[in-house]
Amino acid sequence: MRLAIVGATGAVGHELLSVLERSTLHFDELLLYASPRSAGSTLSFQDRKITVQVTPEGAIDADVILASAGGSVSKALAPVWAANGAVVIDNSSAFRMDERVPLVIPEINPQAALTHQGIIANPNCTTAIAAVALWPLHQAFGIRRAIFSTYQATSGAGAKGMDELLSGTKDFLEGRKVTPSTFAHPIPFNLIPHIDAFQDNGYTKEEMKVVWETRKIFGAPELRISCTAVRIPTLRAHSEAITLELERPATPDEARELLRQAPGVEVVDDPNARRYPMPLTSSGKYDVEVGRLRASLVFDGGLDLFVSGDQLLKGAALNAVQIAEELQR
Ligand code: HSE
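These numbers come from a predicted model, not from an experiment. (Residues numbered from 1 in each chain as written. Predicted model: local features only at pLDDT ≥ 70, side-chain atom pairs only at ≥ 80, totals over all residues. Heavy atoms only, no water.)

1. Digging into the overall build of the protein
Of regular secondary structure, the protein possesses 9 helices and 14 strands. For 329 residues, the compact-globule estimate of 2.2 N^0.38 gives 20 Å, and the C-alpha radius of gyration of the protein, at 20 Å, lies within 12% of that figure. Expressed along its principal axes, the backbone C-alpha trace of the protein runs to roughly 55 × 55 × 45 Å. Here the contacts in the protein between residues at least 6 apart in sequence split such that 66% fall between residues at least 24 apart. Working note: accessible area of the protein is about 14800 Å², and carbon and sulfur atoms make up 52% of it. (Helix = DSSP H or I, 4+ residues; strand = E, 2+ residues; numbered from the N terminus. Rg over C-alpha atoms; globule rule 2.2 N^0.38 Å. Contact = heavy atoms within 4.5 Å. Areas by Shrake-Rupley, 256 points an atom, 1.4 Å probe, with all protein chains shown as cover.)

Following this line, the structure appears as structure tokens:
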């Protein structure tokens, strides 16, 4: 099996390499591609160095392509790669809502991956992190409505987002003006309730991705979801406060027990010992941390919970590699 990564030098590309080193995916050759700016550099994989090539304008001779070079590259080239026989696992939003393209989280809808016509979409990071925690609850109790508030790390905007937090913090502390460029406002010592473009309905695209994509992955078009997505001055891992209205009442103990058995989830829920999900502890972890489980004060029999997950891992690279593993099963 010939495996290719497009966007190998980016933040997700870096994580793809480290996840592949630990995965059970079998491949004979690994090809790395990036834009002309970083092509020619070498990246380490296991005990060897691989030279990064310029992403070609046309076909790539690979069986599986993990694409993480952004929506415009995927939109233009993924159909070309697929027409040449490759299966493209695409990390961008270009094809996620395309009816012909499965949107897959292996803990939830692994069988959907097998229905692909050459392209499989990897979900938005915020969506994926919450979905692994919500799916077992949805199956057991039926989620009717979900209200999300998110707390998203600067690396969600790539390496330049992290740089802007670090250099901006230094500028702030040393008395210089903080000039934002990636974000709409200075991010150090601030938060910004604005991720991606505002839509006609007043929600941002990031917020609507949580709505659209969760419905598609759960196969639940009737699911009512509302989201406020907020950028916060952390480096890595996205967190989310979620309130659920359920078809059938759940107690926090029942939910905790169910989540303890669920794949992709780690229950971190002992407030007396000050244990709850946090970016500090969820960064670098494969599992999404879930905690602060409590009975909703708004919806009878509903739940409030808090999740924190590494958006570069389960929210991107890990999920993509797990999809590739699913194809090889
Ligand atoms: N859109 C996300 C963010 C990145 O800006 O945090 C992962 O989809």
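2. Some remarks on the site of the ligand
The environment of the ligand is made up of Asn 124, Cys 125, Gln 152, Gly 156, Ile 195, Glu 206, Arg 231 and His 238. Between the ligand and Gln 152, the relevant distance is 2.9 Å, taken from an oxygen atom to a side-chain nitrogen or oxygen of the residue. Within the contact set of the ligand, a nitrogen atom lies 2.8 Å away from a side-chain nitrogen or oxygen of Glu 206. In isolation the ligand exposes 260 Å². Once the protein is present, 79% of that is buried. Here the ligand is seated within the largest pocket. (Near = heavy atom within 4 Å. Polar contact = N/O pair within 3.5 Å; in protein donor to acceptor, adjacent residues only side chain to side chain. 1 Å grid on protein atoms, 1.4 Å probe; cavity = no way out; pocket = protein on both sides within 12 Å on 5 of 7 lines; lining within 4 Å. Sits in = over half its atoms within 2 Å of the grid points.)

3. Regarding the sheet that holds strand S13 (residues 288–295)
Overall, mixed pairing links the 6 strands, which are arranged S10-S9-S11-S14-S13-S12 in an open sheet. Each end of this open sheet is capped by a strand with a single partner; those strands are strand S10 (224–231) and strand S12 (265–267). Direction aside, the axes of adjacent strands within the sheet are offset by 20 degrees on average. Both strand S9 (residues 143–152) and strand S11 (residues 238–246) contribute to a ladder of 8 bridges, which runs antiparallel. Looking across to S11, one finds that Arg 145 is bridged to Glu 245. Relative to S10, helix H6 (residues 205–218) is tilted by about 140 degrees, and along the sheet it contacts S9 and S10. (Pairing = 2+ DSSP bridges. Axes fitted to C-alpha atoms, helices over the stretch in contact; angles between N-to-C directions.)

4. Points about empty space enclosed by the protein
Across all of its chains, the model carries 1 cavity of 30 Å³ or more by this definition. In terms of lining residues, the largest cavity is bounded by Val 12, Leu 16, Leu 66, Ala 67, Ser 68, Ile 89, Asp 90, Asn 91, Asn 122, Ala 316 and Ala 320. Counted by class, the lining of the largest cavity contains 7 nonpolar, 3 polar and 1 charged residues. (Points joined across faces, edges and corners; volume = space filled by probe spheres on them. Nonpolar A, V, L, I, M, F, W, Y, C, P; charged D, E, K, R; others polar.)

5. Re H6
Helix length check: H6, at 14 residues, gives a terminal C-alpha distance of 19 Å against a target of 20 Å (1.5 Å per residue), a fit within 8%. Within H6, 10 of the 14 residues are buried, leaving the element largely enclosed by the surrounding structure. For H6, the set of buried residues is Glu 206, Glu 207, Met 208, Lys 209, Val 210, Val 211, Glu 213, Thr 214, Ile 217 and Phe 218. (Expected span 1.5 Å × (residues − 1). Buried < 20%, exposed > 50% of the residue type's maximum accessible area, 1.4 Å probe, protein only.)

6. Digging into the packing of aromatic side chains
For any two aromatic rings, the description comes down to two numbers: the centre-to-centre distance and the angle of the planes. Applying the stated criterion across every chain, the model contains 4 aromatic pairs. Here Phe 27 and Phe 45 contribute two aromatic rings whose centre-to-centre distance is 6.0 Å and whose plane-to-plane angle is 40 degrees, an arrangement assigned as tilted. Of the two residues, Phe 27 sits in the loop between helix H1 (11–22) and strand S2 (29–34) while Phe 45 sits in strand S3 (residues 42–45), which places them 18 residues apart along the sequence. Like Phe 27, the residue Phe 45 is buried in the burial classification. On the basis of an interplanar angle of 35 degrees and a centroid distance of 4.7 Å, the ring pair of Phe 172 and Phe 189 is categorised as tilted. Placement of the pair is Phe 172 in helix H5 (residues 159–173) and Phe 189 in the loop between H5 and H6, with a sequence separation of 17 residues. Judged by relative accessible area, Phe 172 falls into the partly exposed class, the value being 46%. Note on Phe 189: relative accessible area 57%, which makes it exposed. Directly above the ring of Tyr 286 sits Arg 22, whose terminal nitrogen or CZ lies 4.4 Å from the centroid. (Phe/Tyr/Trp six-rings, centres within 6.5 Å; stacked < 30°, edge-to-face > 60°. Lys NZ or Arg CZ within 6 Å of the ring centre and 35° of its normal.)

7. Some words on the packing of helix H4 (residues 125–141) against helix H7 (residues 252–261)
In contact at an axis separation of 10 Å, H4 and H7 are set at 120 degrees when each is read in the N-to-C sense. Between H4 and H7, the interaxial angle falls into the category oblique. Of the two elements, H4 crosses H7, and the hand of that crossing is right-handed. For the pair H4 and H7, contact is made by Ala 133, Pro 136, Leu 137, Ala 140 and Phe 141 and by Glu 254, Ala 255, Leu 258 and Leu 259, respectively. Class assignment of the residues belonging to the contact of H4 with H7 gives a composition of 8 nonpolar, no polar and 1 charged. (Parallel < 35°, antiparallel > 145°, perpendicular 65-115°, else oblique. Left-handed = near helix turned anticlockwise from the far one by under 90°.)

8. Description of the sheet that holds strand S5 (residues 53–54)
By way of backbone hydrogen bonds, the strands of a sheet pair with one another, either parallel or antiparallel. A sheet is described by the order of its strands in space; here 6 strands give the open sequence S5-S2-S1-S6-S7-S8, paired in parallel fashion. Whereas interior strands pair on both sides, the edge strands pair on one side only; in this sheet they are S5 and strand S8 (119–121). Both strand S7 (residues 87–90) and S8 contribute to a ladder of 3 bridges, which runs parallel. If you follow Asp 90 over to S8, its bridge partner there is Ala 121. In this fold helix H2 (residues 71–83) packs onto strand S1 (2–6), strand S6 (64–67), S7 and S8, with an angle of close to 160 degrees to the strand it touches most, S7. Packing against the sheet, helix H9 (residues 313–328) makes contact with S6, S7 and S8, and its axis sits at approximately 155 degrees to S7.

In short, the description is geometric, and any link to function would need to be established separately.
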